[in-house]
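Secondary and tertiary structure notes
So the chains spell out like this:
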Amino acid sequence: MVKALSAEDSSIRLQAALAVGSSADPKFLETLVERCAVEPDFFVRDMLSWALTRLSPEITLPRIRQELGSERGQARGQALHTLSKIGDRSTWAWITRDLLRDADDEVARTAWRVAVVLVPEDEEQDLADELVRHLGRGDRNVRLSLSRALADLGEVIKPALQRAAENPDPAVAAHARATELLRQNPETGFDAAIEEAKRVVTLGAERAAAAAAAVASADTEPSETAVTAERLETGDTERLETGDFAETAGTVGTGETSETGVTAGTGESGVTAEVRGMAELAGTTETMVPTESTEAADAVETLEAADC
């Protein structure tokens, strides 16, 4: 059986781990722990952890605790994962700050998840304050793991997230706001929450709301520019000549050509430069006329720099 646990074929290793777990024989404790540290297949590792949960906690937990201090990242991470499967709250003290701040992203992600499972109620606030320190860390998967861990703590995280939302680092601020959105509405997709948070960080809450309103309006009501374009395409220029569309078409004779193809003057299609700039940030550039607004251009550059 020991040889089978290290066989070249992963399906053989999986079957061996299942058999060892089914037998619940303590003589396999050391082999199981050692294989957890080196097993390359995720499903086999999970089966190894399951097999360890089948053994008596009295002999399993002390051995797993030793692995938390291993120099091998996989050994630390799998030991943490096994602790989460066992779910013994007396092991909470083993989830140290060093593990929560582990330089290995995979170990840290697992530590965050396990900490939320094991934390006593009277220490939830301290854990929330610790986890918030990691906002903005790592790639998408790392940030998603942290957001889920924080959201699982519930209301206790609100004060810490509110403070983090004002952080001068736009990546931290956006991650904090996205996490709060996920906490309030778990059905919100993480990517959508991040994009919404980035808009708020870049534009401010009021201007982001105005941009969102502009998007909604553009989606539900035809713009004057679109109406003008339709008139031109169908040859219905009579109403254009009466001045009904003067604001859209502008004043003839200035030499500037509007997006509709009409010689335009100072009219801006009924949409102010500021709103159009915000709408561009909100992703509606297809329905809005481009603007030369310096403020909008600056906002675009700021948004692109906020690499969340």
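Use the structure listed above.
What comes next is a walk through the structure. (Residues numbered from 1 in each chain as written. Predicted model: local features only at pLDDT ≥ 70, side-chain atom pairs only at ≥ 80, totals over all residues. Heavy atoms only, no water.)

What follows covers the side chain of serine 70. Along the chain, the position of serine 70 falls in the loop between α5 (57-67) and α6 (73-86). One polar contact links the side chain of serine 70 to the main-chain amide nitrogen of arginine 72, over a distance of 3.0 Å. Discounting residues that sit within four places of it in the chain, serine 70 has contacts with Ala75 and Arg76. (Helix = DSSP H or I, 4+ residues; strand = E, 2+ residues; numbered from the N terminus. Polar contact = N/O pair within 3.5 Å; in protein donor to acceptor, adjacent residues only side chain to side chain. Contact = heavy atoms within 4.5 Å.)

Below, the discussion takes up the nonpolar core. Of all hydrophobic cores here, the largest spans 38 residues; its most connected members are Ile95, Leu127, Leu131, Leu135 and Leu153. Contributions of two or more residues to this core are made by α5, α6, α7 (97-100), α8 (105-118), α9 (124-132), α10 (140-153), α11 (158-164) and α12 (170-184). Ranked by residues supplied to this core, first place goes to α8 with eight residues. What leucine 131 contacts, discounting residues up to four positions off in sequence, is Leu100, Trp112, Val116, Leu146, Ala149, Leu150 and Leu153. (Core = buried A, V, L, I, M, F, W, Y, C linked by side-chain atoms within 4.5 Å. Buried < 20%, exposed > 50% of the residue type's maximum accessible area, 1.4 Å probe, protein only.)

What follows covers the packing of aromatic side chains. Evaluated as defined, the whole model comprises one aromatic pair. Seen from their ring centres, phenylalanine 42 and phenylalanine 43 are 5.3 Å apart, and the 80 degrees between their planes marks the pair as edge-to-face. (Phe/Tyr/Trp six-rings, centres within 6.5 Å; stacked < 30°, edge-to-face > 60°.)

Attention now moves to the side chain of arginine 137. Here arginine 137 is to be found in the loop between α9 and α10. We classify arginine 137 as buried; its relative accessible area is 18%. Separated by 2.7 Å, the side chain of arginine 137 and the backbone oxygen of aspartate 102 make a polar contact. Contacts of arginine 137, omitting those with residues within four sequence positions, involve Leu100, Arg101, Asp102, Ala103, Asp104, Asp105, Ala108, Trp112, Val142 and Arg143.

Moving on: the environment of proline 168. In this structure, proline 168 sits in the loop between α11 and α12. The class for proline 168 is exposed, based on a relative accessible area of 78%. For the pair proline 168 and valine 201, spaced 33 residues apart in sequence, the C-alpha to C-alpha distance is 9.7 Å.

Their axes nearest at 11 Å, the elements helix α3 (residues 29-38) and α5 cross at an angle of 30 degrees. Relative to α5, α3 is oriented roughly parallel. Handedness of the α3/α5 crossing: right-handed. Residues Leu29, Glu30, Val33 and Ala37 of α3 pack against Ile59, Thr60, Arg63 and Glu67 of α5. (Axes fitted to C-alpha atoms, helices over the stretch in contact; angles between N-to-C directions. Parallel < 35°, antiparallel > 145°, perpendicular 65-115°, else oblique. Left-handed = near helix turned anticlockwise from the far one by under 90°.)

Attention now goes to α10. Here α10 is 14 residues long and its end C-alpha atoms lie 20 Å apart, about the 20 Å a rise of 1.5 Å per residue gives. Those residues of α10 that sit buried are Val142, Arg143, Leu144, Ser145, Leu146, Ser147, Ala149, Leu150 and Leu153. Sitting at the amino-terminal end of α10 is aspartate 139, which places a side-chain oxygen 3.2 Å from the backbone nitrogen of asparagine 141. (Expected span 1.5 Å × (residues − 1).)

Attention shifts here to the pattern of salt bridges. For the structure on display, the rule yields 16 salt bridges. Between glutamate 166 and arginine 177 there is a salt bridge, with its nearest N and O atoms 3.4 Å apart. Highlighted residues: glutamate 166 in the loop between α11 and α12 and arginine 177 in helix α12, separated in sequence by 11 residues. Classification of glutamate 166 as exposed rests on a relative accessible area of 58%. Taking the relative accessible area as the measure of exposure, arginine 177 reaches 27% and is therefore partly exposed. The network of salt bridges with common partners includes Arg97, Arg101, Glu130 and Arg133. (Salt bridge = Lys/Arg side-chain N within 4 Å of Asp/Glu carboxyl O.)

Locating valine 119 in the fold gives a position in the loop between α8 and α9. The class for valine 119 is buried, based on a relative accessible area of 4%. Residues valine 119 and arginine 89 lie 30 residues apart in sequence; the distance between their C-alpha atoms is 7.4 Å. Filtering out sequence-adjacent residues up to four positions away, valine 119 remains in contact with Arg89, Trp92, Glu124, Leu127 and Leu153.

Time to look at a negative patch on the surface. A surface patch of negative charge is lined by Glu121, Asp122, Glu123 and Asp126. Within the fold, aspartate 122 resides in the loop between α8 and α9. (Patch = residues over 30% accessible without salt bridge, like charges linked within 9 Å, V, L, I, M, F, W, Y side chains within 5 Å. Areas by Shrake-Rupley, 256 points an atom, 1.4 Å probe, with all protein chains shown as cover. Lys, Arg positive; Asp, Glu negative; His and termini not counted. Charge placed at Lys NZ, Arg CZ, Asp CG, Glu CD.)

Put simply, α8 and α10 touch, their axes get as near as 9 Å, and they point 10 degrees apart. On the basis of the axis angle, α8 is roughly parallel to α10. On the side of α8, the interface is formed by Asp105, Arg109, Trp112 and Val116, while α10 contributes Asn141, Val142, Ser145, Leu146, Ala149, Asp152 and Leu153. When its residues are assigned to classes, the contact of α8 with α10 shows six nonpolar, two polar and three charged. (Nonpolar A, V, L, I, M, F, W, Y, C, P; charged D, E, K, R; others polar.)

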